[in-house]
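# Structural description and commentary
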Amino acid sequence: MKTIKGPAVFLAQFVDSKAPFNSLDGLCEWASGLGYKGIQIPTWENFLIDLDKAAESQAYCDDLKGKINSYGLEITELSTHLQGQLVAVNPAYDSMFDGFAPEAVRHNPKARTEWAIDTVKKAGTASKRLGLNSHATFSGALLWHTVYPWPQRPAGLVEKGFDELAKRWLPILNHFDENGVDVCYEIHPGEDLHDGVSFERFLKATGNHKRVNMLYDPSHYVLQHLDYITFIDYYHEFIKAFHVKDAEFNPTGKQGVYGGYSDWIDRAGRFRSLGDGQVDFSAIFSKLTQYGCDVWAVMEWECCMKSPEQGAREGAPFIQKHIIEATEKTFDDFAGGDVDDAYLNSILGL
């Protein structure tokens, strides 16, 4: 067993134009002051990390890591959620996802995909330079618009879609392998990797590539009615990153999983601040500890009611309370003894 590391915080939802959320130093001082021990860095925020420099310069990475360490913090993972999304975009979503890309490649899906692949690769190089073993990202989606199909999906479409998704990701996965870093796909609605079955499809399409792993976030499983505890039994060997995020699902006679196009506050399924939702974090931390999952517990704050400031203040002690210090001894060791073969035989009547 291993003791889960933390608490840590994903900075993406806290970035703002106002201090202390508009600089790396400000965010580090703020996070450290709240009791966090690690930060997950969104790489699309250039003031937090310059990926081009990080991929090219060990000195830059050493300085960046040193600055963060000076606040008593560690980097848990780099994140390319937005860039990973752009590795695979169905044309139905072109205009909406163009905003994630630089202006130079907007309205040009081929160039946008090439830019995304190159950028995620840079994050792999940067991760190695920073001494990181895991990386957080999205898979992108070619098939999501067919998740509840009408008319029915043509025969062979799913297989072809996952073959294409794997084709785009394999150069990235090979690059990460060369750098000794695992790619952790957040299993998430809106992505082609949104549950265990779809993850297995992708894993198979990549030839069971050893760098294909998971970012586990139970909030997205609550909203899908997926058994997020048994999920760990199935996939614990792939869980190399962990978002601690809460959610609730309260269906009514008017809406369920799909939410009727409602705003977040009016949906049956809603993200909530830690402790305000329905996720059984005690069971999750127990399972992850039991299986020896070597992960950081990273709070991803999203809530339709509570302020981010309050959510962040409450998040660190909430996570700390759930971290289990893995035992190195058995509680009934006092009643045991040395192995005595003759004694064992006598018990068995041998």
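We now turn to the structure provided with this report. Keep in mind that this is a model prediction, so the values were computed, not measured.

## Thoughts on the overall build of the chain
When helices and strands are counted, the chain shows 13 helices and 10 strands. Along the longest, intermediate and shortest principal axes, the C-alpha atoms of the chain span 80 × 55 × 45 Å. Counting only residues that meet the buried cut, the chain has 49% of its 350 residues in that class. For the chain, the proportion of contacts with a sequence separation of at least 24, taken over those separated by at least 6, is 80%.

## Re the pairing of strand S7 (residues 239-244)
Counting buried residues along S7, 5 of its 6 residues qualify, which places the element largely inside the surrounding structure. The pairing of strand S6 (residues 212-216) with S7 spans 3 bridges and is classified as parallel. Bridge pairing in S7 links Met214 to Ile239.

## Notes on the packing of helix H1 (residues 24-33) against helix H3 (residues 58-69)
Following both chains from N to C, one finds H1 and H3 inclined at 35°, their axes separated by 10 Å at the closest point. Two secondary-structure elements touch here, H1 through Leu24, Asp25 and Cys28 and H3 through Leu64, Lys67 and Ile68. Classifying every residue of the contact of H1 with H3 by side-chain character gives 4 nonpolar, no polar and 2 charged.

## What about the nonpolar core?
Counting 92 residues, the largest nonpolar core has Trp169 and Ile284 as its most contacted members. Tallying contributions element by element places helix H7 (residues 157-178) first for this core, with 8 residues. Discounting residues that sit within four places of it in the chain, Ile284 has contacts with Tyr216, Pro218, Tyr228, Ile229, Ile232, Phe242 and Val279.

## Quick notes on a nonpolar patch on the surface
A contiguous nonpolar surface patch, about 730 Å² in accessible area, is contributed by Val339, Tyr343, Leu344, Ile347, Leu348 and Leu350. Of note, Leu348 is situated in helix H13 (residues 341-348). Here Leu348 falls in the exposed class, since its relative accessible area comes to 62%.

## Section: the sheet that holds strand S10 (residues 296-299)
Strand order in the closed barrel formed by 8 strands is S1-S2-S3-S4-S5-S6-S7-S10, and the pairing between neighbours is parallel. Strand-to-strand twist in this sheet, taken as the mean axis angle between neighbours without regard to direction, amounts to 30°. Across 3 bridges, S7 lies against S10 in parallel orientation. Bridge assignment links His243 to a residue of S10, and that residue is Val298.

## Some thoughts on the layout of surface pockets
Looking at the largest pocket, its volume works out to about 1500 Å³. Lining the largest pocket are 47 residues, with Trp144, His188, Pro189, Gly190 and Arg267 sitting closest to its centre. Mapped onto the lining of the largest pocket, the elements with two or more residues apiece are helix H4 (81-85), helix H5 (94-97) and strand S9 (269-272). Take the lining of the largest pocket: its biggest share by element is 3 residues, from H4. Across the lining of the largest pocket, the residue classes break down as 26 nonpolar, 15 polar and 6 charged.

## Points about the pairing of strand S1 (residues 5-10)
Within S1, 5 of the 6 residues are buried, which leaves it mostly tucked inside the rest of the structure. Relative to strand S2 (residues 38-42), S1 runs parallel, the two being bridged by 3 bridges. Bridge assignment links Ala8 to a residue of S2, and that residue is Gly38. Regarding topology, H1 serves as the crossover connection from S1 to the parallel S2, and that connection is right-handed.

Definitions and cut-offs
- Residues numbered from 1 in each chain as written.
- Predicted model: local features only at pLDDT ≥ 70, side-chain atom pairs only at ≥ 80, totals over all residues.
- Heavy atoms only, no water.
- Helix = DSSP H or I, 4+ residues; strand = E, 2+ residues; numbered from the N terminus.
- Buried < 20%, exposed > 50% of the residue type's maximum accessible area, 1.4 Å probe, protein only.
- Contact = heavy atoms within 4.5 Å.
- Pairing = 2+ DSSP bridges.
- Axes fitted to C-alpha atoms, helices over the stretch in contact; angles between N-to-C directions.
- Nonpolar A, V, L, I, M, F, W, Y, C, P; charged D, E, K, R; others polar.
- Core = buried A, V, L, I, M, F, W, Y, C linked by side-chain atoms within 4.5 Å.
- Patch = residues over 30% accessible without salt bridge, like charges linked within 9 Å, V, L, I, M, F, W, Y side chains within 5 Å.
- Areas by Shrake-Rupley, 256 points an atom, 1.4 Å probe, with all protein chains shown as cover.
- Salt bridge = Lys/Arg side-chain N within 4 Å of Asp/Glu carboxyl O.
- 1 Å grid on protein atoms, 1.4 Å probe; cavity = no way out; pocket = protein on both sides within 12 Å on 5 of 7 lines; lining within 4 Å.
- Points joined across faces, edges and corners; volume = space filled by probe spheres on them.
- Right-handed = clockwise from strand over helix to strand, strands pointing away.

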